[in-house]
Amino acid sequence: MRYRQLTTGTLALGVLLLIDVLRVWLPGIITIFGQAASTPAELMGAFALGWFVLAMGAPAVVRRVGARPVTVVAALALAVARLALTAAPGGRTQLWLATAGLLAGLVWLVGVAADTDRPVPGLALGFAVNAAVHAVLDTVDLVWRGDWVAWLLSAVAVAVFLAGTAQAGRRGGAGDALAAPADAPVGPADAVAGPGGGRAWLLAGPALLLAGMVALSPALARTGMSYLVAGDGVARSPLFGLAPVPVAVAGFLCAALARPPRGWGRAYGPVALLGGVVLFALDRGDLLLPAILLAAVGLGACLALTDDTSQPASGTASAGTAGGSSASRRGYAVAAGMLVFALGAVGYYSAYDLGYPNAAVPVVVAVLIAAVAFTARPVVHRLPGPFPPLRAAAAVTALALLAPVLADEVPVASNRDGPPERLTVVAYNIRMGFGLDGRFDLTGLAEVVDRQRPDVVLLSEVDRAWLLNGGHDTLDLLSDRLGMPYVFGPAADPVWGDAVLSRWPVRDPRTLPLPAVGAPTGAQALAVTLDLGDGVRTAVVSTHLQPPPGKGPVVQARAVADFATRYAAGRPLVVAGDLNTEPGDEAFAEFTRAGLVDALAAARPLETSPADDPRQQIDHIFVSPGLTPGDPVAPRSTASDHLPVAVTVTLPPR
């Protein structure tokens, strides 16, 4: 294997491992450091940003110690942290392991930057392979699986990464020379890396952010497909929901690895990227698919514009001096770019706690990428890349094509023989799929729900693609495990909201945005009709009330009660979810004033939050007077920070 192929492959694999660590570290800020939303958002943001600021000191360390030893030590630390996280220890151990892995990964990037003046092929392959693997794994990373297959694949990836790092260090040698002081002698054999690459390294962090949020997000692709099924602002279980992923991967890689056009043709990448990100920022589910495809091609094309293909520096002392300066600039560029990643992620997702508009954040990042790319010096004499572009794109796309075949499942509801006499209803705030220990615990969530043998499940705090939470489609994953198709209603944005899963066919879905009343996350009410056969219908409304600071969600409760009773139009009705109000509160009374019955009354007090020491009764099920509730329970589980509530209702006689 040629040196360029070796360094490119090792860079791609290292990026893959770093993204794996990020998918554990980012949710840990909320679920472990944040301690179930009891920690101020400002403190969580400071914790997140602090490690990226600390990494800004890595270029000085590289210049003083040399790129090779820093790169090898940081690579080893990243590999150890990544393997340790496969054990999914949970709690603070998990958070600090992920933090150590993140910091090691940032330092490793700085060390690699000192040695590498043409990072675009490695970065592009790393982003694309990560997206393809994430899709094939159905958006559940190896880190969270923990079985022998996960351990084997993780160990192989780590071993190949470390072997590549060691081999590249032995064959390169330029990093130490280029990171050495200006008066250090440099020989011809040392001058491997050239003076370029700074722009590409600067874009590594911003490109990683937009790839994870939009361009190469399998969960977002499936969510976009699910909006095409239902329309009317709601989403349903799609067929081949991951089909857009191979298209996005192919478009991204072909654009990133191919020779960029000349003249004003260079503008197509920046324009496509800005167009895709603007569509994403509009927060409309029906625009997600064009947003993904435009952003994928545009992001790849912008990276291609920064691909430095100039000849290596000559082997003279002056070249060594220039090389040392260039290596230092590349180190600071990648550290600054990753700081942009952190600022963008914190700025975008903190808005859901602090309540300011965040649509401009991805657009600003896209403008930065477009400006840096478009103003790059056009390449006149292009050197060949380490891998043939079409072959590399075809290989990764072939991997991504496995996802719609292996990872897509579509549960189907069908009428049974005659209408049932009873329905078992479960309502559950699933906290984006993360348990109290900070682990992504799909098994725990599915088990506690499935033990109730539910006919209909109402879910709150459903996350379908937030990079902050690891980029999982939690709803589709639970739907597969429970064997129940879903209807999803967006609240905060098109990928965060509430859902209804049903073993019976669902008709006439409708969603109502609720008044914000000062609560930043947003809220909605999702109404569906269960078709129980022989003309029997039951209305179900899922909601998650968000109280304004220091007050109860009275206004939202009144809106939900009015919407639900009008939607039911005299049919049997179930209203349930995390209502953030307790029996006796004014908001609770809004439901009883609307003529609904507390289905959990026989089991009161029935505390549901926090899950490990429940003290609050804030998760509820209400039914219309024609339904007779029985067997109310709140089964114990720490798969979320709430307990689920369940009840069996007897339908009125026909």
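Residues numbered from 1 in each chain as written. Predicted model: local features only at pLDDT ≥ 70, side-chain atom pairs only at ≥ 80, totals over all residues. Heavy atoms only, no water.

**Details of the sheet that holds strand β5 (residues 496-502)**
Sheet architecture is open: seven strands sit in the order β1-β4-β5-β3-β2-β13-β12, paired in mixed fashion. In this open sheet, the two strands that pair with only one neighbour each are β1 (235-236) and β12 (628-633). In this sheet, strand β13 (residues 645-650) lies alongside strand β2 (residues 422-429) in antiparallel orientation, the contact comprising six bridges. Bridging across to β13, Ala427 finds its partner in Val645. (Pairing = 2+ DSSP bridges. Helix = DSSP H or I, 4+ residues; strand = E, 2+ residues; numbered from the N terminus.)

**Points about the nonpolar core**
By size, the foremost hydrophobic cluster in this structure holds 153 residues, and its most contacted members are Trp25, Trp201, Phe252, Leu253 and Leu459. Residue contributions to this core peak at 16 residues, all from helix α1 (residues 3-33). In contact with Leu253, other than residues within four places in its own chain, are Ala124, Leu125, Ala128, Ala258, Ala392, Ala393 and Val396. The next biggest cluster of nonpolar side chains, apart from the first, holds 31 residues, and it includes Trp504, Val528, Val574 and Ala576. (Core = buried A, V, L, I, M, F, W, Y, C linked by side-chain atoms within 4.5 Å. Buried < 20%, exposed > 50% of the residue type's maximum accessible area, 1.4 Å probe, protein only. Contact = heavy atoms within 4.5 Å.)

**Notes on unusual backbone geometry**
Residue Arg604 is joined to Pro605 through a cis peptide bond whose omega torsion reads -5°. The residue after Ser609, namely Pro610, is reached through a cis peptide bond having omega -10°. Checked against the element boundaries, Pro610 lands in the loop between β10 (597-598) and β11 (619-623). With phi around 55°, Phe240 is a residue other than glycine that occupies positive phi space. Positionally, Phe240 belongs in the loop between β1 and α13 (244-257).

**Here we look at the packing of helix α6 (residues 120-136) against α13**
Where α6 contacts α13, the two axes come as close as 10 Å, and the packing angle between them is 175°. One element, α6, and the other, α13, form an angle in the roughly antiparallel class. For the pair α6 and α13, contact is made by Val120, Pro121, Ala124, Leu125, Phe127, Ala128, Ala131 and Ala135 and by Val245, Val249, Phe252, Leu253, Ala256 and Leu257, respectively. For the contact of α6 with α13, the per-class residue count stands at 14 nonpolar, no polar and no charged. (Axes fitted to C-alpha atoms, helices over the stretch in contact; angles between N-to-C directions. Parallel < 35°, antiparallel > 145°, perpendicular 65-115°, else oblique. Nonpolar A, V, L, I, M, F, W, Y, C, P; charged D, E, K, R; others polar.)

**Some words on the pattern of salt bridges**
Enumeration according to the criterion identifies 19 salt bridges in this entry. Between Asp508 and Arg510 there is a salt bridge; the shortest N-O distance is 3.1 Å. (Salt bridge = Lys/Arg side-chain N within 4 Å of Asp/Glu carboxyl O.)

**Quick word on the confidence of the model for the protein**
The share of residues in the protein with pLDDT of 70 or more is 92%, and the mean pLDDT across the chain is 90. With pLDDT under 50 throughout, residues 173-192 is counted as low confidence; its partners more than four residues away or in other chains account for 42 contacts. Considering only residues more than four positions removed or in separate chains, one finds that residues 311-321, a stretch of pLDDT under 50, has 16 contacts. (pLDDT = per-residue confidence, 0-100.)

**Points about the sheet that holds strand β9 (residues 573-578)**
Across a sheet, paired strands are connected by hydrogen bonds in the backbone, their directions being either parallel or antiparallel. With mixed pairing, six strands are arranged side by side in an open sheet as β6-β7-β8-β9-β11-β10. The open sheet has two edge strands with one neighbour each: β6 (506-513) and β10. Where β10 and β11 come together, two bridges link them in antiparallel fashion. Looking at the pairing, Val597 lines up with Val623 of β11. Together, β9, β10 and β11 form the strand contacts of helix α23 (residues 586-593), whose direction differs from that of β11 by roughly 15°.

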